[in-house]
Amino acid sequence: MSGGIRDQALGVRTAIIASAICAVAIAGCASPGSPESATPSGVPSPQVVTTSPPAALSPTAYQETLRDATSTMAPAFDRLNSAGSPDDFRAALEQASTATSDAARQLDANPPAEVQATHRDLIAGLQQLATDLSQLNDQVASMDLCAAPSILASVSNTPGVNALRTVREALSSGQPGTSYQWGEFLPAATPLPDRQLTNGQLVDSLQRNGRGQLTIDNGADSDAVVKLVQGGRPIASVYVLKRSNATVGQINDGSYELFYTSGADWDNQLKVFTRSCQFERFDQAVEFTTTSVSNGIEYTEETVGLQPTINGNAQTEPVPAKSFPR
């Protein structure tokens, strides 16, 4: 009996040792020189590469970087201020948007510690402004913005410009340490203009001594200026408030083209609405005649409506802004 028990105990120890060996093998604990532990031939050993962030710029170097960014943006904003036609403004807005993005890349640097937060606001403001200017370009293309007063006022009130004016003040305040100069070219906030003339006021008026009369019925939701044109030159132009009527008299006999423009904010110097502009021409000329009859004189009294009507017979077509008679 004792011999059998000893054999069984040895068997248990053998099993335990075998299990231990199996566990070591599963864990992959091979000797350093074994084939299993060697790096495969031709495969480089992994290496850990550590990089240090770039050193913070000195105040002098940071100011120079800000100056370079200003030099990138200022000419584009100068071009905006001198633009004239909608096409000029579109080109200037595109240039300003590109210059703003370029300035943001120029300022991708490690600023002095005391302006780290302000510098982040500067980069965010530039990125926002680049988007704002691109969107304004689209509004000029669609004639939602038509002329300098409203375009420049819109630029001055974009979220990007508002944010960058705050950054400019923070940089120049010197509160965290050194003062920095940047963004002198940014426009001051300008209210969006909203000007109009009185109903029936003449915008253009050459000498007239006829008897003809033209009444304009503006039932639309925008003010309008209606022009009687002869030989490419406005003979008479009248301002008509929305949902109002106005009459031009003393029109000489003859054939006239009839144009009108509508929108918001009339600039009487530029002779154009600066927002939401439309330019239209009536397909048919308007004829004015004066005839002597036995009991007096007959003359033409014409009425035109500027709003679409079911029974209307006067067709209009859009004309390019640059072709509209001034």
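Our structure's up above, just so we're on the same page.
Bear in mind that the values here come from a model prediction, so they are computed numbers and not experimental data.

Trainee: Would you take a moment to explain the pattern of salt bridges for this structure?
Mentor: Summed over all chains, the structure comprises 10 salt bridges. Between Glu 64 and Arg 67 there is a salt bridge, with its nearest N and O atoms 2.7 Å apart. Here Glu 64 pairs with Arg 67, and both are found in helix α2 (residues 59–82), just three residues apart, close to one helical turn. Note that Arg 275 and Asp 194 form a salt bridge whose closest N and O atoms lie 3.9 Å from each other.

Trainee: What exactly am I supposed to notice about the side chain of Ser 262 here?
Mentor: Checked against the element boundaries, Ser 262 lands in strand β6 (residues 254–267). Note on Ser 262: relative accessible area 9%, which makes it buried. Among all residues touching Ser 262, those that are not within four sequence positions of it are Ser 222, Asp 223, Ala 224, Phe 273, Ser 276, Cys 277 and Gln 278.

Trainee: I tried to follow the environment of Ala 285 on my own but got confused; where do I start?
Mentor: Along the chain, the position of Ala 285 falls in the loop between β7 (272–282) and β8 (286–288). In this structure the C-alpha to C-alpha distance between Ala 285 and Gly 254, which are 31 residues apart in sequence, comes to 9.9 Å. Setting aside residues no more than four positions away along its own chain, Ala 285 makes contact with Ser 255 and Tyr 256.

Trainee: Which parts of the structure should I look at to understand the packing of helix α3 (residues 86–106) against helix α4 (residues 116–141)?
Mentor: Axes are the key here: two packed helices are described by the angle between their axes and the distance separating the axes. Look at α3 against α4: their axes get within 8 Å of each other, and the N-to-C directions meet at 165 degrees. Between α3 and α4, the angle falls in the class roughly antiparallel. Like other packed secondary-structure pairs, α3 and α4 cross with a definite hand, here left-handed. Residues Pro 86, Arg 90, Leu 93, Glu 94, Ala 96, Ser 97, Thr 100, Ser 101, Ala 103 and Ala 104 of α3 touch α4, and the partners they reach there are Ile 123, Leu 126, Leu 129, Ala 130, Leu 133, Ser 134, Leu 136, Asn 137, Val 140 and Ala 141.

Trainee: What's the story with the sheet that holds strand β5 (residues 244–251) in this structure? I'm lost.
Mentor: In any sheet, the strands associate via hydrogen bonds between backbone groups, in a parallel or an antiparallel arrangement. Strand order in this open sheet of three strands is β5-β2-β11, and the pairing throughout is mixed. Because the sheet does not close on itself, it has two edges, and the strands there are β5 and β11 (301–305). Between one strand and the next, the sheet's axes are offset by a mean angle of 15 degrees, whatever the strand orientation. Of the strand pairs in this sheet, strand β2 (residues 212–218) and β5 are connected by six bridges, and their pairing is antiparallel. Each bridged residue has a counterpart across the sheet, and for Gly 212 the counterpart in β5 is Ile 251.

Trainee: So what exactly am I meant to see when it comes to the state of the cysteines here?
Mentor: Structurally, a disulfide amounts to a covalent bond that connects the sulfur atoms of two cysteines. If you walk through the whole model with that rule in mind, you get one disulfide. Between the sulfur atoms of Cys 146 and its disulfide partner Cys 277 the distance amounts to 1.8 Å. The disulfide joining Cys 146 to Cys 277 has a torsion of about 120 degrees about its S-S bond and is therefore right-handed. On the criterion of sequence distance, the pair formed by Cys 146 in the loop between α4 and α5 (148–156) and Cys 277 in strand β7 is long-range, its members being 131 residues apart. Residue classification places Cys 146 among the buried residues on the basis of a relative accessible area of 5%.

Trainee: Which parts of the structure should I look at to understand the packing of aromatic side chains?
Mentor: How two aromatic rings sit relative to each other is given by the distance of their centres and the angle of their planes. Across all of its chains, the model carries 10 aromatic pairs by this definition. Relative to Trp 266, the ring of Tyr 239 has its centre 6.2 Å away and its plane inclined at 75 degrees; by these criteria the two rings are edge-to-face. Remark: Trp 266 occurs in strand β6 and Tyr 239 occurs in strand β4 (residues 233–240); sequence separation between them is 27 residues. Both residues of the pair, Tyr 239 and Trp 266, count as buried. Centre to centre, the rings of Tyr 260 and Phe 282 are 6.0 Å apart; their planes meet at 50 degrees, and the pair counts as tilted. Note that Tyr 260 is positioned in strand β6 and Phe 282 in strand β7, a separation of 22 residues in sequence. Grouping residues by exposure puts Tyr 260 and Phe 282 together as buried. One aromatic cluster in this structure is built from Phe 77, Trp 182 and Phe 185.

Trainee: Just checking my understanding: could you explain helix α6 (residues 159–173) for this structure?
Mentor: Here α6 is 15 residues long and its end C-alpha atoms lie 22 Å apart, about the 21 Å a rise of 1.5 Å per residue gives. Listed as buried for α6 are Gly 160, Val 161, Leu 164, Arg 165, Val 167 and Leu 171. Within α6, the buried residues cover an arc of 165 degrees as seen down the axis, which keeps them to one side. Away from its buried face by more than 90 degrees, α6 exposes Pro 159, Thr 166 and Glu 169. Looking at the packing, one finds that the buried side of α6 touches α2, α4 and α5. At the C-terminal side of α6, Gly 174 shows a positive phi close to 75 degrees.

Scoring rules and cut-offs
- Residue numbers here run from 1 along each chain, matching the order of that chain's written sequence.
- Two thresholds apply to this predicted model, a pLDDT of at least 70 for residue-level local features and 80 or more for giving and counting side-chain atom pairs, whereas whole-chain, interface and lining totals are computed over all residues.
- Think of the side-chain values as coming from all heavy atoms in the structure, minus any hydrogens and water.
- Within this document, salt bridges are pairs made up of a side-chain nitrogen of Lys or Arg and a carboxyl oxygen of Asp or Glu, the two lying within 4 Å of each other.
- Each helix is a run of DSSP H or I of at least 4 residues and each strand a run of E of at least 2, with the numbering of both proceeding from the N terminus.
- Remark: exposure states derive from per-residue accessible area (1.4 Å probe, protein chains only) relative to the maximum for the residue type, with buried under 20%, exposed over 50%, and partly exposed in between.
- Note on contacts: a residue pair qualifies if any of its non-hydrogen atoms lie within 4.5 Å across the two residues.
- A fitted line through C-alpha atoms serves as each axis, taken over the contacting stretch for helices, and the angle formed by two N-to-C directions is quoted from 0 to 180°.
- Angles below 35 degrees are treated as roughly parallel, those above 145 as roughly antiparallel, those between 65 and 115 as roughly perpendicular, and all remaining angles as oblique.
- Put simply, a crossing is left-handed when the front helix is turned counterclockwise from the back one by less than a right angle, and right-handed when it is turned clockwise.
- A pair of strands is considered paired only if DSSP assigns at least 2 bridges between the two.
- Defined by distance alone, a disulfide is two cysteine sulfur atoms within 2.5 Å.
- Think of it this way: a Phe, Tyr or Trp ring, Trp meaning its six-membered ring, pairs with another when their centres are within 6.5 Å, and the plane angle makes it stacked under 30 degrees, edge-to-face over 60, tilted otherwise.
- Take the residue count of a helix, subtract one, and multiply by 1.5 Å to get its expected span.
- Working note: the arc is built from the helix axis to C-beta atom directions.

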